Amino acid sequence: QDPENPKLFMALIAQLLRVVLILSVAIPLVGSRARTENPQSVFFRPPDLQAIMIEANRRFQSGDYEAAERFYSRGLAMSRARNDAYNAACFLAGIGNYLVLTNQYRDAAHAFRLASEAAVAVNNADLALRVAVNRATLYRRMGEKRAAVEAMPGVMTPLGWGVWGP
């Protein structure tokens, strides 16, 4: 590179400016992303179900898993009676977590599968993803690595996020 060549120097500066411009467009800044719906604002939980969920989670976090499971099951029954798939999925996820902690892995996998299907059916990507991750983690714990990998595409494809393959 000849420092005496102004054309070469100007071409280098122009190239650097293009890179900076591309990076400034490509790298998102705080607040520059499109707003997404907050799942809590779109999906409603009636006060009675909210009270049950709060108590179930409180019991679960304190280690009283049996009592938590009773609250989750009660909330699930109420949600199903109302044909409320979103809240049913939430309570099923809680039941699945209880079943994992009590080493009832097959039943936990079934609860997570039902929760995932319900979350996808109501198009709640956040809940569907959280349940899919729980399900994949459970399958890994069970030593079923292929099922763990397959748990993710089951939720990703219906929501239009692409396919994760093994």
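Structural data are supplied above this passage.
Residues numbered from 1 in each chain as written. Predicted model: local features only at pLDDT ≥ 70, side-chain atom pairs only at ≥ 80, totals over all residues. Heavy atoms only, no water.

## A short note on the overall build of the chain
Basically, it comes down to this: Secondary structure is summarised from DSSP: a helix means a run of H or I of at least four residues, a strand means a run of E of at least two, and numbering begins at the N terminus for each. Each residue is assigned to one of three classes by its accessible area relative to the maximum for its type, calculated with a 1.4 Å probe on protein chains only: buried under 20%, partly exposed between the two thresholds, exposed over 50%. We call two residues in contact whenever any of their non-hydrogen atoms come within 4.5 Å of each other. Each accessible area is a Shrake-Rupley result for a 1.4 Å probe, and residues are judged covered by the shown protein chains and nothing else.
Along its length, the chain carries nine helices and zero strands. Ordered by position in the sequence, the α and β elements of the chain form the string α-α-α-α-α-α-α-α-α. Buried residues in the chain amount to 35% of all 166 residues. Within the chain, counting contacts between residues at least 6 apart in sequence, those at least 24 apart form 48% of the total. Put simply, the chain shows about 10,700 Å² of open surface, and 58% of that area lies on carbon and sulfur atoms.

## A word on helix α3 (residues 47-62)
Using the following cut-off: To estimate the expected span of a helix, subtract one from its residue number and multiply by 1.5 Å. Throughout, the arc means that of the directions going from the helix axis to the C-beta atoms.
The end-to-end C-alpha distance of α3 is 22 Å, a good match for the 22 Å that 16 residues give at a rise of 1.5 Å each. Residues Leu 49, Ile 52, Met 53, Glu 55, Ala 56 and Phe 60 constitute the buried set of α3. Along α3, the residues classed as buried sweep out an arc of 170 degrees about the axis, all on the same side. For α3, the exposed residues set more than 90 degrees away from the buried face come down to Pro 47, Gln 61 and Ser 62. Of the surrounding secondary structure, the elements contacted by the buried residues of α3 are α4 (65-81) and α5 (85-101). Once α3 ends, the next one or two residues include Gly 63, with phi positive near 95 degrees.

## Things to note about the pattern of salt bridges
As a reminder, the rule being used: We define a salt bridge as a contact between a side-chain nitrogen of Lys or Arg and a carboxyl oxygen of Asp or Glu at a distance within 4 Å.
Under the criterion given, the structure shown has seven salt bridges. Across the pair Arg 59 and Glu 55 runs a salt bridge whose closest N-O atoms are separated by 2.7 Å. Here the residue Arg 59 and the residue Glu 55 both occupy positions in helix α3, the gap between them amounting to four residues, near one helical turn. On the accessibility criterion, Arg 59 (22% relative accessible area) is partly exposed. A salt bridge links Arg 113 to Glu 117; the shortest N-O distance between them is 2.8 Å. One end of the pair is Arg 113 and the other is Glu 117, both in helix α6 (residues 105-121) and four residues apart, which spans about a single turn. With relative accessibility at 42%, the residue Glu 117 sits in the partly exposed group.

## Regarding unusual backbone geometry
Of note in the backbone geometry, Asn 103 takes a positive phi value of approximately 60 degrees without being a glycine. Tracing the chain through its elements places Asn 103 in the loop between α5 and α6. Look at Asn 103 and you get exposed, because its relative accessible area is 56%. The phi torsion at Asn 123 lies on the positive side, around 60 degrees, for a residue other than glycine. Within the secondary structure, Asn 123 is located in the loop between α6 and α7 (125-141).

## Thoughts on the packing of aromatic side chains
In plain terms, the rule: Pairs were defined over the aromatic rings of Phe, Tyr and Trp, the Trp ring being its six-membered one, requiring ring centres within 6.5 Å. Orientation was assigned from the angle between planes: stacked under 30 degrees, edge-to-face over 60, tilted for the rest.
The final tally for this structure, using the stated rule, is two aromatic pairs. Centre to centre, the rings of Phe 60 and Tyr 65 are 5.1 Å apart; their planes meet at 65 degrees, and the pair counts as edge-to-face. On the accessibility criterion, Phe 60 (18% relative accessible area) is buried. Following the ring pairs from residue to residue traces out a cluster consisting of Phe 60, Tyr 65 and Tyr 72.

## Observations regarding the nonpolar core
Definition in use: To qualify as a nonpolar core, a set must consist of buried Ala, Val, Leu, Ile, Met, Phe, Trp, Tyr and Cys residues joined through side-chain atoms within 4.5 Å.
Judged by nonpolar contacts, the single largest core of 36 residues is most densely connected at Tyr 72, Leu 76, Phe 91, Leu 99, Leu 127, Val 131 and Leu 138. Sorting the residues of this core by element identifies α3, α4, α5, α6 and α7 as the ones contributing at least two each. In terms of residues, this core owes the most to one element, α5, which gives eleven residues.

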